[in-house]
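Chain residues, written in single-letter form:
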Amino acid sequence: MTEPLVARMRAFGTTIFAEMSALAAETGSINLGQGFPDTDGPAAMLDRAVQAITAGANQYPPGPGILELRRAISEHRSAHYDLSYDPAGEILVTVGATEAIASAVLALCEPGDEVIAFEPYYDSYAASIALAQARLVAVTMRPVEGRFTFDPDELRAAVTPRTRVILVNSPHNPTGTVFTRAELEAIAELCQERGLIAVTDEVYEHLTFDGVEHIPLATLPGMRERTVMISSAGKTFSVTGWKTGWICAPPTLVTAVQTVKQFLTFTSSAPWQLAVAYGLRHELEWVSALRAGLQDKRDRLMEGLAAAGFSVLRPSGTYFVQTDIRPLGFTDGLELTRRLPELAGVVAIPTQVFYDHADRGRHFVRFAFCKKDEVIDEAVTRLKHLST
């Protein structure tokens, strides 16, 4: 019998997140691998979801999303970024950012087209590009003066006549980099020069630290009309299980993405949409407190990892800290993370799985700090055994 899975998806088996979370459960290890918080979002927003259920909002909402949420998203874009998006045709609600990314790639790419992504990259990018029968072209980010960045010349060299889309993730998972205005300008210049569409994954837009500003690519001159801007409630409000995301883009791009999305999930849960609309309008002070708390947790974990012997890179955003494992005498992150439950009772993620050029990331391991302080402290205590 032939392999039942289509050839283009055979490289995508169980995700590293599922593997490592299962390993944590099997061994009773502390899970600093998968990026989800272990506390709930704002209580009033959660109550709004319950109220929506009991009030009868339990049937299909409109395909583009409930108008109240689309209006709240429009208000948020205007207030935070001075970007104007029409709720009637320039905003589409999706089942999280992952569906938004997949729908955008499927909508915008023909078989054989090329999509540029910055490696290490979130693993769904490669799968979405494979589903579209397009080709991923990876531009490597490397540590420079303590933060990961890309070489603009390498980015320019990656563009060919088949390039259709550039996937831009900032704040960047898994490195924690927040792209600077100069970095974004280099991307914007290339998009306009070569007629490329930018798909921007901005799910960590509110989770930046040390006063670092998140700048949406769509705010740069000439970029609004060629950018599919993706956001999500999951990271902003610590409700990753709600899977409520959205895109903002010009009508032609929204129509293209919705044409695909309607045959994937058609629509998403009405109660969560109504609650997220409330959150965008009333809970951003809660988000500010979350950001401050996460910065403290980042510093707490970084200090502990350094004390355990890791070389630690300081992230400016997201949930994640990148570490270089070579000072501890290890050279292969995948091998180490599979042994880490036995060695220290902790689970992390090997960064090399997010690279096309795995050797360039083999010595990095990612830890998540979106956990309770006592969980971080216990993990750090256990990890100290590695240096002995």
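Placed above this text is the structure.
Residues numbered from 1 in each chain as written. Predicted model: local features only at pLDDT ≥ 70, side-chain atom pairs only at ≥ 80, totals over all residues. Heavy atoms only, no water.

As a further point, take the pattern of salt bridges. Inspection of the entire model under this criterion finds 24 salt bridges. Note that Asp-373 and Lys-297 form a salt bridge whose closest N and O atoms lie 3.0 Å from each other. Placement of Asp-373 in helix H13 (residues 373-383) and of Lys-297 in helix H11 (residues 284-307) is noted, with a sequence separation of 76 residues between them. Taking the relative accessible area as the measure of exposure, Lys-297 reaches 18% and is therefore buried. (Salt bridge = Lys/Arg side-chain N within 4 Å of Asp/Glu carboxyl O. Helix = DSSP H or I, 4+ residues; strand = E, 2+ residues; numbered from the N terminus. Buried < 20%, exposed > 50% of the residue type's maximum accessible area, 1.4 Å probe, protein only.)

Turning to the packing of aromatic side chains, a few remarks are in order. In total, this model carries 14 aromatic pairs according to the counting rule given. Geometrically, the ring pair formed by Phe-118 and Phe-179 is edge-to-face, given 5.5 Å between the ring centres and 75 degrees between the ring planes. Of this pair, Phe-118 sits in strand E3 (residues 114-119) while Phe-179 is found in the loop between strand E7 (163-169) and helix H7 (181-194), placing the two residues 61 residues apart along the sequence. Pair check on accessibility: Phe-118 and Phe-179 agree, each one buried. Arranged with centres 5.0 Å apart and planes meeting at 15 degrees, the rings of Trp-242 and Trp-272 form a pair that is stacked. One end of the pair, Trp-242, is in the loop between helix H8 (233-236) and strand E10 (245-248); the other, Trp-272, is in helix H10 (residues 270-282), with 30 residues separating them in the sequence. Through a chain of ring-to-ring contacts, three or more aromatic side chains come together here, namely Phe-17, Tyr-122, Tyr-125 and Phe-354. Against the face of Phe-320 rests Arg-366, its NZ or CZ located 3.5 Å from the ring centre. The ring of Phe-36 carries the charged tip of Lys-371 above its face, separated from the ring centre by 3.8 Å. (Phe/Tyr/Trp six-rings, centres within 6.5 Å; stacked < 30°, edge-to-face > 60°. Lys NZ or Arg CZ within 6 Å of the ring centre and 35° of its normal.)

All right, on to the sheet that holds strand E15 (residues 364-368) then. With antiparallel pairing, the four strands of this open sheet are ordered in space as E11-E12-E15-E14. The two strands at the open ends of the sheet, each matched to only one other strand, are strand E11 (311-313) and strand E14 (349-350). Relative to E15, E14 runs antiparallel, the two sharing two bridges. Bridging across to E15, Pro-350 finds its partner in Val-365. Its contacts with the sheet put H11 on E11, strand E12 (320-324) and E15, and the angle it makes with E12 is roughly 15 degrees. (Pairing = 2+ DSSP bridges. Contact = heavy atoms within 4.5 Å. Axes fitted to C-alpha atoms, helices over the stretch in contact; angles between N-to-C directions.)

Residues Val-228, Leu-301, Phe-367 and Leu-383 are the most contacted members of the largest nonpolar core, which totals 63 residues. For this core, the element with the highest residue contribution is helix H4 (residues 96-108), accounting for six residues. A domain-level breakdown of this core finds at least three residues from each of domain 1 (7-41 + 285-386) and domain 2 (60-282). With near-sequence residues (within four places) excluded, Phe-367 lies in contact with Leu-32, Leu-301, Leu-305, Phe-310, Tyr-319, Phe-320, Val-321, Thr-323, Leu-340, Val-346, Ala-348 and Leu-383. (Core = buried A, V, L, I, M, F, W, Y, C linked by side-chain atoms within 4.5 Å. Domains from an automatic or database assignment.)

Across the six residues of E3, six count as buried, placing the element largely inside the fold. Summarising the sheet, E3 and strand E4 (residues 135-140) pair through six bridges and their orientation is parallel. Residue pairing across strands places Ile-116 opposite Val-137, the latter belonging to E4. After leaving E3, the chain enters helix H5 (residues 124-131) and then returns to the sheet as E4, a path that is right-handed. Sheet analysis places E3 next to E7, joined by four bridges and oriented parallel. Opposite Val-115, over in E7, you have Val-165 as the bridge partner. (Right-handed = clockwise from strand over helix to strand, strands pointing away.)

Spatial relationships are all this shows, so hold off on functional conclusions.
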